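One letter stands for each residue in the lines below.
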Amino acid sequence: MGIMRFSLRLILVASVAACAPMLPEPPPMAPAPLQPEPAPATPPPPAAVAPAVDQAGFEGWKQGFLARHGGARRAAYERELAGLTPDPSVVRLDRNQPEFSRPAGAYVQNAVTPTRIAQARQRTDRAPWPVVQRYGVPAEILVAIWAQESAFGQVQGDHDVIRSLATLAFDGRRRDWAEAQLKHALDIVVDGRRDRAGLKGSWAGAMGQTQFMPDNYLRLGVDQDGDGKVDIWGSDADALASAANLLAQAGWKRGQTWGYEVRLPAGFDYSEAEGPRHPWSYWAAKGVTLAHGGAPNAAEAREEATILLPQGARGPAFLALPNHYVIRRYNNSVSYALAIGLTADGVQGRPGLAAAWPNDAPLSRDQRIGAQRALTVLGYDTQGVDGVIGANTRAALRRWQLANGRVADGYLTADLADELIRRGG
């Protein structure tokens, strides 16, 4: 029994690790993230996670932050930041986000399970019908997010949100974003919306049952239960209504799904994946078919859609409709958005994937950074070297693949990363 409880705990910890926001990368659709695609259940040994803390440098950053953002509230902000130290585990986790380090199939299969689908189906009535009607976001999408973000509220994260965001800002990989979020988190406390002790969340500052970043909490939080406060930590109704409001504001299209698994014809031009969007008639003329037959509904067929190959030409292919990119406003990761969409499909009783995921090895941080650096050196600019294999890196890789007679699917395997690193010197 103790082993079973321990296993459950690992699963729940992995779930909340998925809630951490990522560096926003412009999605392939016009329109801010709530970010961080489950994570490794157990952390690496302490020796690998405890770099020396540069407290003097942190204090210098803090004074700079107060000068830049304090204004009339400088004294109040300084009080909340007093005695704070950076959290080394936050930096480690930021650089090893599972959405971008693990193959999509491994991420999705860990997130979309029969157990999770059954649990989500049992909770669809927890998404208030007035919320579904008002915002147009289906209950199955809301409970899928609820499941992925906090295991239905069971694991919301116990990091001090202010300390986490201060650490990310000091680290500097995405300083402007982290400082803006930190200011909003401080305002939540200073304005009395939430006690500092209760401002807990994921390592990246995402809070509550549906893991809102501080700016989204302030802009989009909904007091659905009418008790005078937006309690995304303790109120299911507030958390789910807030999530629905975020998706609606991001452009959720009523009466449409997120996308479909598709079959690609022999000779398909893989370089078209994740490229310009086209209506269904264009893709159908190319020989693309829905994996389970049928066709998109009339409204979906008129939408501009693209083909996604999250694990390259050997893995499942998807027709991504606009709502897929709306989900990515919650967490800008293909793997995360697929996990939400496929969980919601399962809740509705739709069949699982027809194609199997390849069993690819994960990429180390050195391989991800090395491949980005090599592509840029070779003349295929990835628009930054940060270890995050996003749309810019995939586009650069496609250009290299086309120029070198490879299948231009934009998918970086461990072997390909090693080859690029050798070629890039």
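For the structure itself, consult the block above.
Quantities reported herein were computed from a predicted structural model and do not represent experimental measurements.

Caption draft 1: Expanded view of the overall build of the protein. When its secondary structure is counted, the protein shows 20 helices and six strands. Accessible area for the protein stands at about 17300 Å²; split by element, carbon and sulfur atoms hold 53% of it.

Caption draft 2: Inspection of the packing of aromatic side chains at higher detail. Counting across every chain of the model gives 11 aromatic pairs. With centroids separated by 6.4 Å and ring planes inclined at 40°, the aromatic side chains of F268 and W283 adopt a geometry described as tilted. Placement of the pair is F268 in the loop between β3 (259-263) and α14 (280-285) and W283 in helix α14, with a sequence separation of 15 residues. Classification of F268 by relative accessible area gives buried; the value is 8%. On the accessibility criterion, W283 (0% relative accessible area) is buried. Among the aromatic residues, ring-to-ring pairing joins F58, W61, F65 and F170 into one connected group. A cation over an aromatic ring shows up here: R123 above the ring of F152, its NZ or CZ 4.2 Å from the ring centre. The ring of W233 carries the charged tip of R194 above its face, separated from the ring centre by 3.9 Å.

Caption draft 3: Inspection of the packing of helix α18 (residues 365-377) against helix α20 (residues 414-423) at higher detail. The geometry of α18 relative to α20 is characterised by a closest axis approach of 8 Å and an angle of 50° between their N-to-C directions. Taken together, α18 and α20 sit at an angle that is classed as oblique. Taken as a pair, α18 and α20 cross one another with a handedness that is left-handed. Here D366, Q367, G370, A371, A374 and L375 of α18 lie close against α20, whose contacting residues are A414, A417, D418, L420 and I421. Looking at side-chain class alone, the contact of α18 with α20 contains seven nonpolar, two polar and two charged residues.

Caption draft 4: Representation of the sheet that holds strand β6 (residues 317-320) within the structure. Spatially, the four strands line up as an open sheet ordered β4-β3-β6-β5, and their pairing is antiparallel. At either end of the open sheet lies a strand with only one pairing partner, and these are β4 (289-290) and β5 (306-308). Examined bridge by bridge, β5 and β6 share three bridges and lie antiparallel to one another. Across the sheet, the residue bridging to T306 is A320, located in β6.

Caption draft 5: Molecular detail of helix α10 (residues 161-171). Within α10, eight of the 11 residues are buried, which leaves it mostly tucked inside the rest of the structure. Inspection of α10 places V161, I162, S164, L165, A166, T167, L168 and A169 among the buried residues, and these make up the whole buried set. The N-capping residue of α10, defined by a side-chain oxygen 3.0 Å from the backbone nitrogen of I162, is D160. Two residues or fewer after α10 comes G172, characterised by a positive phi angle close to 95°.

Caption draft 6: Structural detail: unusual backbone geometry. A positive phi is found at F152, a non-glycine position, where the angle reads about 60°. Not every positive phi belongs to a glycine, and E274 is a case in point at roughly 55°. Tracing the backbone shows E274 in the loop between β3 and α14.

Caption draft 7: Region of interest: the pattern of salt bridges. Tallying each qualifying case throughout the model produces 21 salt bridges. The partner of D87 in a salt bridge is R163, with the nearest N and O atoms 4.0 Å apart. Here R163 lies in helix α10 and D87 lies in the loop between α3 (74-81) and α4 (88-94), a separation of 76 residues in the sequence. Given the relative accessible area of 27%, R163 is considered partly exposed. Linking R314 and D360 is a salt bridge whose minimum nitrogen-to-oxygen distance equals 2.8 Å. Taken as a pair, R314 in the loop between β5 and β6 and D360 in the loop between α17 (334-347) and α18 lie far apart in primary sequence, 46 residues in all.

Caption draft 8: Fine view of the environment of A241. Tracing the chain through its elements places A241 in helix α13 (residues 236-249). Sequence separation of A241 and T210 is 31 residues, and the distance between their C-alpha atoms is 9.7 Å. In contact with A241, not counting residues within four places along its chain, are V131, Y135, V222 and Q224.

Caption draft 9: Geometry of the nonpolar core. Membership of the largest hydrophobic core comes to 82 residues, with the highest contact counts inside it found for I141, L142, I162, L199 and L247. Among the elements that take part in this core, α17 stands out by supplying nine residues, more than any other. The contact partners of L247, leaving out residues within four places of it in the chain, are V137, I141, L142, I145, W252, V326, I327 and Y330. One finds A273, W280, W283 and V288 within the second-largest nonpolar core, a separate group that totals 15 residues.

Cut-offs used in this document
- Residues numbered from 1 in each chain as written.
- Predicted model: local features only at pLDDT ≥ 70, side-chain atom pairs only at ≥ 80, totals over all residues.
- Heavy atoms only, no water.
- Helix = DSSP H or I, 4+ residues; strand = E, 2+ residues; numbered from the N terminus.
- Areas by Shrake-Rupley, 256 points an atom, 1.4 Å probe, with all protein chains shown as cover.
- Phe/Tyr/Trp six-rings, centres within 6.5 Å; stacked < 30°, edge-to-face > 60°.
- Buried < 20%, exposed > 50% of the residue type's maximum accessible area, 1.4 Å probe, protein only.
- Lys NZ or Arg CZ within 6 Å of the ring centre and 35° of its normal.
- Axes fitted to C-alpha atoms, helices over the stretch in contact; angles between N-to-C directions.
- Parallel < 35°, antiparallel > 145°, perpendicular 65-115°, else oblique.
- Left-handed = near helix turned anticlockwise from the far one by under 90°.
- Contact = heavy atoms within 4.5 Å.
- Nonpolar A, V, L, I, M, F, W, Y, C, P; charged D, E, K, R; others polar.
- Pairing = 2+ DSSP bridges.
- Polar contact = N/O pair within 3.5 Å; in protein donor to acceptor, adjacent residues only side chain to side chain.
- Salt bridge = Lys/Arg side-chain N within 4 Å of Asp/Glu carboxyl O.
- Core = buried A, V, L, I, M, F, W, Y, C linked by side-chain atoms within 4.5 Å.

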